[in-house]
Every structure is written in structure tokens, then in C-alpha cells.
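Next come the chains, spelled out residue by residue.
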Amino acid sequence: MAEAQWVLMATGRSPTNIAVIKYWGKRDEALILPVNDSISVTLDPDHLSATTTVAASPSFPSDRMWLNGKEIELSGGRFQSCLREIRRRARDVEDKKKGIKIKKEDWEKLHVHIASYNNFPTAAGLASSAAGFACLVFTLGKLMNVNEDYGELSSIARQGSGSACRSIYGGFVKWCMGKNDDGSDSMAVQLVDESHWDDLVIIIAVVSSKQKETSSTSGMRDTVETSLLLQYRAQTVVPSRILKMEEAIKNRDFESFARLTCADSNQFHAVCLDTSPPIFYMNDTSHRIISLVEKWNHAEGTPQVAYTFDAGPNAVLIARNRKTAALLLQRLLYCFPPQDNDLESYMLGDKSILSDAGV
Ligand code: ADP
Ligand code: DP6
Ligand code: CO
């Protein structure tokens with residue numbers, strides 16, 4: 001490797017994903033192995049995504065990272081795990097134009113600088129850790145010319161944040177919890193791609209963009225230690241829900257999809273309440289949104305909209321089609337008028353809805 005002061009860079013972008021059957025609870029903290037399978041939908045990267053640039057240079061004395069413009073500690077095991085796993089798989093890189101030649105063994109000694117930005121609230125329950133770690137792994141892999149399949153990348157992203165393993169793919173994705181103690185079979189697979197069910201429209205109602213008080217990691221640790229309901233959920237409820245959800249997605253059966261999605265969100269938050277001390281991720285505005293959707297679905301006789309809330313108060317609303325999404329926006333605007341501070345904004349998961357629906 002020439003000692004000239006060069007910098008080699010790569011940039012990537014990864015969308016976030018929202019679980020419709022939730023991951024909550026680890027059986028192995030260090031490897032991030034979950035207590036149950038989960039299923040999610042990956043969002044459109046134009047709206048909710050992380051963009052990460054990684055740079056390597058012989059002039060960097062240490063690994064450093066900036067998140068949304070602020071330097072953060074890389075000492076946490078998660079960043080180190082991702083870096084270590086990608087470095088282990090690094091291959092030779094040659095950039096003839098810049099006259100750079102890096103041999104695969106050189107990557108062990110080369111330090112990296114990482115800068116990442118989220119185009120949506122960080123640590124507010126919209127799965128920034130999913131977009132962030134998927135993007136980190138993907139972009140480091142690009143820089144170091146890693147040639148692994150998506151399953152392997154997913155397994156590495158999992159070691160950054162569990163939910164990140166699902167953001168490697170678009171469409172509907174399942175994280176198979178795996179059986180092995182070393183985590184080698186705990187990775188995500190794509191169930192169907194983004195074109196399979198393109199009638200669906202996802203609307204994100206931002207109730208609060210503030211950072212949550214209890215991170216997902218510490219919240220689920222407390223749940224594993226104290227909740228009896230979690231064992232029942234993981235062993236009895238989720239396995240059959242996963243099968244039903246896979247069927248609903250395959251058949252584009254919105255009724256079944258919506259019922260399972262809402263029930264699973266509610267059970268996840270019930271498990272949070274069953275934790276000691278109890279964890280409250282949703283607030284009054286979240287509850288008002290649930291009531292609005294429940295009443296509407298009840299009045300129609302068949303579900304029109306599904307709701308799901310991750311570890312935060314923000315609502316993810318999935319409308320069965322564009323027409324319903326337009327009605328939903330109208331209802332949200334009526335119940336939460338723009339001057340009302342209860343709802344900060346509505347982010348659209350499908351950029352064409354406003355123009356197509358003519359609202
Ligand atoms: P969220 O609900 O947003 O996923 P978490 O508590 O699960 O909240 O995770 C938030 C943490 O994820 C942040 O404190 C940070 O460590 C990590 N994170 C968020 N965005 C990124 C990013 N773009 N790149 C790397 N790590 C990120
Ligand atoms: C409620 O993946 O953020 O969003 O693995 O500790 O980083 P760590 O937790 P994280 O937890 C996500 C929890 C959830 C449900 C889900 O995404 O499945
Ligand atoms: Co997270």
C-alpha cells in the first residue's frame with residue numbers, strides 16, 4: 001500500500017422498516033438473537049432513510065463516526081461488531097484513476113471515518129437504528145469490496161441493531177430467529193418484493209420527534225427480565241401469527257393483514273406495560289389515533305386502515321389503497337388540525353398519493 005495521503009470513500013442509502021409482527025426481546029444480548037420471528041415492511045427511501053458515507057485513509061489515526069453532524073462514541077460493541085465482520089470479509093481494492101491499491105490484509109490497519117444522516121427523527125420510534133445499521137453495513141461492504149450475499153449482510157446488520165437485518169431488503173421481509181447459538185441462521189429473508197402489494201399506502205403521523213426516554217435495547221432487556229406475558233407472546237402467540245401474516249401478505253388479504261398488524265402492535269405495547277417498571281411508548285395522541293382507526297374500521301364492517309406503533313408514540317398507518325389513504329388524511333387533518341400541536345406532521349410513505357388522489 002502506497003503511503004501517499006489518499007482518501008477512499010463510498011456512500012449508500014438504506015430505508016427504514018416497520019414491523020407488522022414485532023421483534024421485542026433477545027435470547028442473546030451480545031449476538032442480538034431474538035426470542036421470536038418478526039415480519040416488516042420496508043419503506044420508500046425517499047421518505048425515511050439513512051444516508052451514510054464511509055471514508056478510509058492512511059492519515060486517519062482512529063475509527064470515528066458522526067451521526068446527524070454530531071460525533072458519537074464508536075466504543076459500543078455494536079459498531080465494533082459490524083466493523084469487525086465487514087473488515088474480516090474485505091477484499092483487494094484498486095482505484096487506478098487515484099492510483100490507490102489496497103490489499104485485503106491492509107483493511108485491518110486502515111481506519112475509517114463514518115458520517116450518517118437520517119432524513120427523519122432519530123431514536124423516536126421510527127426505527128432509525130434499522131436504517132442506520134443496515135446502511136452502515138451496506139456502505140462499509142461497498143468500500144471494502146465485500147462480496148457477500150444479502151443473507152450474510154443481513155446477519156451482520158443484525159449485530160448492529162436487530163431490526164436492521166430486515167432493512168437489507170425491500171418489500172415484506174421476515175427475520176427468522178434461527179436455532180443456532182452462534183447466530184449463523186438468524187437473518188432476514190424477503191417474502192415478496194415491493195411490487196407485490198403496491199395498492200398499500202403508508203402514512204406516518206409524527207406525534208413527537210423527540211428522542212424517546214427508553215431505548216429499544218434497554219426497554220426490551222427490562223421486558224425479558226420481568227414480563228411473564230412476553231414468554232406467552234413469544235412461544236404461543238407469535239409463531240401462529242407469523243404463519244397467518246405470511247398467508248395474508250401472499251394473498252394480499254387486507255382484512256387479515258390489518259387485524260394481525262393492529263393486534264400485534266397492541267400486544268407489543270401490552271408487554272411493555274407488563275414490564276417492571278412499566279414502559280409507556282404511546283401517549284394520549286397515539287391512543288386517539290387508535291380510536292379513530294378502530295371506529296372507522298368498525299363502522300365500515302371491514303378494516304380500511306391498519307395501525308402499528310413501534311417503540312415510540314408515532315403512528316404508522318397502512319391504508320388499503322390510495323382512495324382510503326386520501327380519506328385517512330382528511331380525517332387526520334380534521335381531528336388534528338394543523339394549528340393543533342398534538343401532531344407534528346404527516347409523512348407519506350408513498351410519494352404519489354397526494355397528486356394521484358387529487359387532494
Ligand atoms: P429507533 O426507534 O429510532 O430505532 P433505537 O433506540 O432503537 O431507536 O436506536 C437509536 C440508536 O440507533 C441511536 O442512538 C444510534 O445509536 C443508532 N442510529 C440511529 N441512526 C443511525 C444511523 N444513521 N447510523 C448509525 N446508527 C444510527
Ligand atoms: C419495536 O432493533 O431497535 O421496533 O436490536 O436492541 O437495536 P436493538 O433494538 P431494535 O428494536 C426494534 C423494536 C421494534 C419492533 C421491530 O422493529 O420489530
Ligand atoms: Co431501533
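Residues numbered from 1 in each chain as written. Chains lettered and ligands numbered in written order. Predicted model: local features only at pLDDT ≥ 70, side-chain atom pairs only at ≥ 80, totals over all residues. Heavy atoms only, no water.

K.L.:
Looking at this structure, I do not really get the pattern of salt bridges. What am I missing?
P.N.:
Oppositely charged side chains can pair when the atoms bearing their charge come close. Enumeration over the complete set of coordinates arrives at 17 salt bridges. Between Asp 92 and Lys 103 there is a salt bridge, and its shortest N-O distance comes to 3.4 Å. Pair noted here: Asp 92 is in the loop between α1 (77-88) and β9 (93-95) and Lys 103 is in the loop between β10 (100-102) and β11 (111-118), with a separation of 11 residues, a long-range link. Lys 109 is paired through a salt bridge with Asp 106; the nearest N and O atoms lie 3.6 Å apart. Several salt bridges share partner residues, and in doing so they unite Arg 84, Glu 85, Arg 88, Arg 89, Glu 148 and Glu 152 into one network. (Salt bridge = Lys/Arg side-chain N within 4 Å of Asp/Glu carboxyl O. Helix = DSSP H or I, 4+ residues; strand = E, 2+ residues; numbered from the N terminus.)

K.L.:
Can you help me understand the sheet that holds strand β8 (residues 70-72) in this one?
P.N.:
In a beta sheet, neighbouring strands pair by backbone hydrogen bonds and run either parallel or antiparallel. One open sheet accounts for 5 strands, arranged β1-β6-β11-β7-β8; its pairing is mixed. With partners counted over all chains shown, the strands left at the sheet margins are β1 (8-15) and β8, one partner each. Pairs of neighbouring strands in the sheet enclose a mean axial angle of 20°, with direction left out of account. (Pairing = 2+ DSSP bridges. Axes fitted to C-alpha atoms, helices over the stretch in contact; angles between N-to-C directions.)

K.L.:
So what exactly am I meant to see when it comes to the confidence of the model for the protein here?
P.N.:
Put simply, the protein has an average pLDDT of 93, and 95% of its residues get 70 or more. With pLDDT under 50 throughout, residues 351-359 is counted as low confidence; its partners more than four residues away or in other chains account for 17 contacts. Among the prediction metrics, the complex's ipTM stands at 0.99, with pTM recorded as 0.95. (pLDDT = per-residue confidence, 0-100. Contact = heavy atoms within 4.5 Å.)

K.L.:
Sorry, what's going on with the site of ligand 1 here?
P.N.:
Ser 116, Asn 118, Ser 128, Ser 129 and Lys 212 are the nearest of the 19 residues found near ligand 1. Here an oxygen atom of ligand 1 sits 2.6 Å away from a polar atom, N or O, in the side chain of Ser 128. Interatomic distance of 3.3 Å between a side-chain N/O atom of Ser 216 and an oxygen atom of ligand 1. For ligand 1, the accessible surface in isolation is 570 Å², of which the surrounding protein chains cover 84%. Of all the secondary structure elements, the ones that give two or more residues to the shell around ligand 1 are β7 (64-67), β11 and α2 (128-143). Residues that form the shell around ligand 1 fall into these classes: 9 nonpolar, 9 polar and 1 charged. (Near = heavy atom within 4 Å. Polar contact = N/O pair within 3.5 Å; in protein donor to acceptor, adjacent residues only side chain to side chain. Areas by Shrake-Rupley, 256 points an atom, 1.4 Å probe, with all protein chains shown as cover. Nonpolar A, V, L, I, M, F, W, Y, C, P; charged D, E, K, R; others polar.)

K.L.:
Just to check I follow, could you spell out the nonpolar core for this structure?
P.N.:
In summary, soluble globular proteins display a tendency toward joint burial of nonpolar side chains. In terms of nonpolar packing, the biggest core is built from 55 residues, with Ile 204, Phe 257, Ile 289 and Leu 317 touching the most fellow members. Looking at which element gives the most residues to this core, the answer is strand β14 (residues 201-206), with 6 residues. Setting aside chain neighbours within four positions, we find Leu 317 in contact with Val 201, Ile 202, Ile 203, Ile 289, Val 293, Val 305, Ala 306, Tyr 307, Leu 328 and Leu 332. Residues Ile 86, Val 112, Val 137 and Ile 279 belong to the second largest nonpolar core, which totals 48 residues. (Core = buried A, V, L, I, M, F, W, Y, C linked by side-chain atoms within 4.5 Å. Buried < 20%, exposed > 50% of the residue type's maximum accessible area, 1.4 Å probe, protein only.)

K.L.:
Mind showing me how you'd approach the pairing of strand β6 (residues 49-57) here?
P.N.:
One face of the sheet, then the other: side chains in a regular strand alternate in exactly this way. Burial analysis of β6 places 7 of its 9 residues in the buried class, which makes it a mostly covered element. As paired elements, β1 and β6 share 8 bridges and run antiparallel to each other. When the bridges of β6 are listed, Ser 14 appears paired with Ala 50.

K.L.:
Looking at this model, I keep getting lost on the site of ligand 2. Mind explaining?
P.N.:
What surrounds ligand 2 is a group of 18 residues, the closest being Tyr 23, Lys 26, Ser 161, Gly 162 and Ser 163. At 2.7 Å, a side-chain N or O of Ser 161 approaches an oxygen atom of ligand 2. Residue Thr 217 places a side-chain N or O atom 2.8 Å away from an oxygen atom belonging to ligand 2. Expressed as a share of its isolated accessible area of 460 Å², the protein-covered part of ligand 2 is 96%.

K.L.:
I keep staring at unusual backbone geometry and nothing clicks. Help me out?
P.N.:
Outside of glycine, negative phi angles account for most residues, and trans bonds account for most peptide bonds. Looking along the chain, the bond that leaves Ser 276 and enters Pro 277 is cis, with omega of -5°. Here Pro 277 shows up in the loop between α6 (254-273) and α7 (284-300). One non-glycine residue, Ile 32, adopts positive backbone phi at about 55°. Structurally, Ile 32 can be placed in the loop between β3 (26-28) and β4 (33-34). Residue Ile 32 is classed as buried on the basis of its relative accessible area of 1%.

K.L.:
I would appreciate a short explanation of the sheet that holds strand β5 (residues 38-42) in the present structure.
P.N.:
The antiparallel open sheet is built from 4 strands, whose spatial order is β2-β5-β12-β13. Each edge of the open sheet is held by one strand with a lone partner, namely β2 (17-21) and β13 (187-192). Neighbouring strand axes in the sheet, compared pairwise and without regard to direction, differ in orientation by 35° on average. By the bridge criterion, 5 bridges tie strand β12 (residues 172-176) to β13 in an arrangement that is antiparallel. Paired with Trp 175 across the strands is Ala 188, a residue of β13.

K.L.:
Looking at this model, I keep getting lost on the packing of aromatic side chains. Mind explaining?
P.N.:
Describing an aromatic ring pair means giving the distance of the ring centres and the angle of the ring planes. Inspection of the entire model under this criterion finds 11 aromatic pairs. A centroid spacing of 4.7 Å and a plane angle of 70° characterise the contact between Tyr 23 and Trp 175, whose relative ring orientation is edge-to-face. With Tyr 23 in the loop between β2 and β3 and Trp 175 in strand β12, the pair connects residues that are 152 residues apart, well separated along the chain. When sorted by exposure, Tyr 23 lands in the same class as Trp 175, which is buried. Seen from their ring centres, Trp 24 and Tyr 281 are 5.9 Å apart, and the 85° between their planes marks the pair as edge-to-face. Here the residue Trp 24 occupies a position in the loop between β2 and β3, and Tyr 281 occupies one in the loop between α6 and α7, the gap between them amounting to 257 residues. (Phe/Tyr/Trp six-rings, centres within 6.5 Å; stacked < 30°, edge-to-face > 60°.)

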